[in-house]
Amino acid sequence: MAIVDGRIWPPYEAFYINGMLFNAQSAFRSISRISHTFENLPEIAMVEGLDRILTHNILNDLQNIIVHGAALSRYFWPVRKGHEERGVHLRESFNISESNPLFSRELRNAIEHFDERLDRYLSHGIVGIVIPEYVGPKLVDDGVPGHLFRAFFTDVGIFRLLDSDHEMEPIVNEIIRINDLLEEANASGSRLPNK
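Notes on the structure in this doc start here. Remember, predicted model here, so these are calculated numbers, not experimental data.

Thoughts on the sheet that holds strand β4 (residues 146–153)
Taking strand neighbours across the sheet as the criterion, the four strands line up as β3-β4-β5-β6 in an open arrangement whose pairing is mixed. Two strands lie at the open edges of the sheet, namely β3 (129–136) and β6 (164–167), each paired on one side alone. Pairs of neighbouring strands in the sheet enclose a mean axial angle of 20°, with direction left out of account. Pairing of strand β5 (residues 158–161) with β6 involves four bridges; the strand directions are antiparallel. Looking at β6, one finds that Leu161 is bridged to Ser164. Sheet contacts for helix α5 (residues 105–112): β5 and β6; angle to β6, the most-contacted strand, approximately 125°.

In structure tokens form, the structure reads like this:
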């Protein structure tokens, strides 16, 4: 039995730490790559735009952060009934409340139901300018309908996936915090943090 008296049985904490660490480390690697990329870009590239390969890689890393952020969210706020006690224990251990950026159902739904959202998005018909991938300052509305499939607005730190915007800094900061706690827990006996 994994849960005893509403708590994860201590010998089993290592399994949760290991499972969550996979998601946190994968997101952290994407965070590191994006940070390194932006640190090494000339200022002119941020004004005039990036080449297609670099844009694609940045957007893939941002989407990877969202995917793994949503996976971490499910540990803290389980989707299915019967797993609530595990969620409570993990939230207490990591000092997480519903004000946490990973709590967002919009974040989870953006990834978990992406296929359905894509169907709905395309069912309305696409008219105007279509930009599949974009990284740069937020575009100015000039009255011409525009559609961005994936975009990162560098001036405001917003990642757009179809019609859903995600402020990345709070998500990134929380993933880094959780990753640090998980790595520390993993290195010190595989026990969950105690707030």
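Focus on unusual backbone geometry
A positive phi angle, near 55°, is found at Asn95, a position not held by glycine. Position of Asn95 among the secondary structure elements: in the loop between α4 (84–93) and α5. In this structure, Ser190 takes a positive phi of about 55° despite not being glycine. Structurally, Ser190 is set in the segment after α7 (168–187).

Examining helix α1 (residues 13–39)
Its 27 residues place the ends of α1 37 Å apart at the C-alpha level, agreeing with the 39 Å of an ideal helix rising 1.5 Å per residue. At Leu21, α1 shows its maximal bend, which comes to roughly 25°.

Side note on the pairing of β5
Relative to β5, β4 is paired through four bridges, and the arrangement is antiparallel. By the bridge assignment, Phe152 is partnered in β5 with Phe159. The turn linking β4 back onto β5 is made up of four residues, and Gly157 within it adopts a positive phi angle of 70°. Counting the residues between successive antiparallel strands, the hairpin from β5 to β6 contains two residues, one of them, Leu162, with a positive phi of roughly 55°.

Parameters and conventions
- Along each chain, the written sequence defines residue order, and numbers are assigned to residues from 1.
- Totals for whole chains, interfaces and linings use all residues, but because this is a predicted model, local features are given only for residues with pLDDT of at least 70 and pairs of side-chain atoms are given and counted only at 80 or more.
- Side-chain numbers come from the whole structure's heavy atoms, not from hydrogens or water.
- We treat two strands as partners when DSSP finds at least two bridges between them.
- In this description a helix means any DSSP run of H or I spanning at least four residues, a strand means any run of E spanning at least two, and both kinds are numbered starting from the N terminus.
- Simply put, an axis is a line fit to the C-alpha atoms, just over the touching stretch for a helix, and the angle between two N-to-C directions goes from 0 to 180 degrees.
- In this analysis, two residues are considered to be in contact whenever any of their non-hydrogen atoms come within 4.5 Å of each other.
- Helix span is expected to be 1.5 Å times the residue number reduced by one.
- Bend, at a single residue, is the angle you get between axes fitted to the 7 residues ending at that residue and the 7 residues starting at it.

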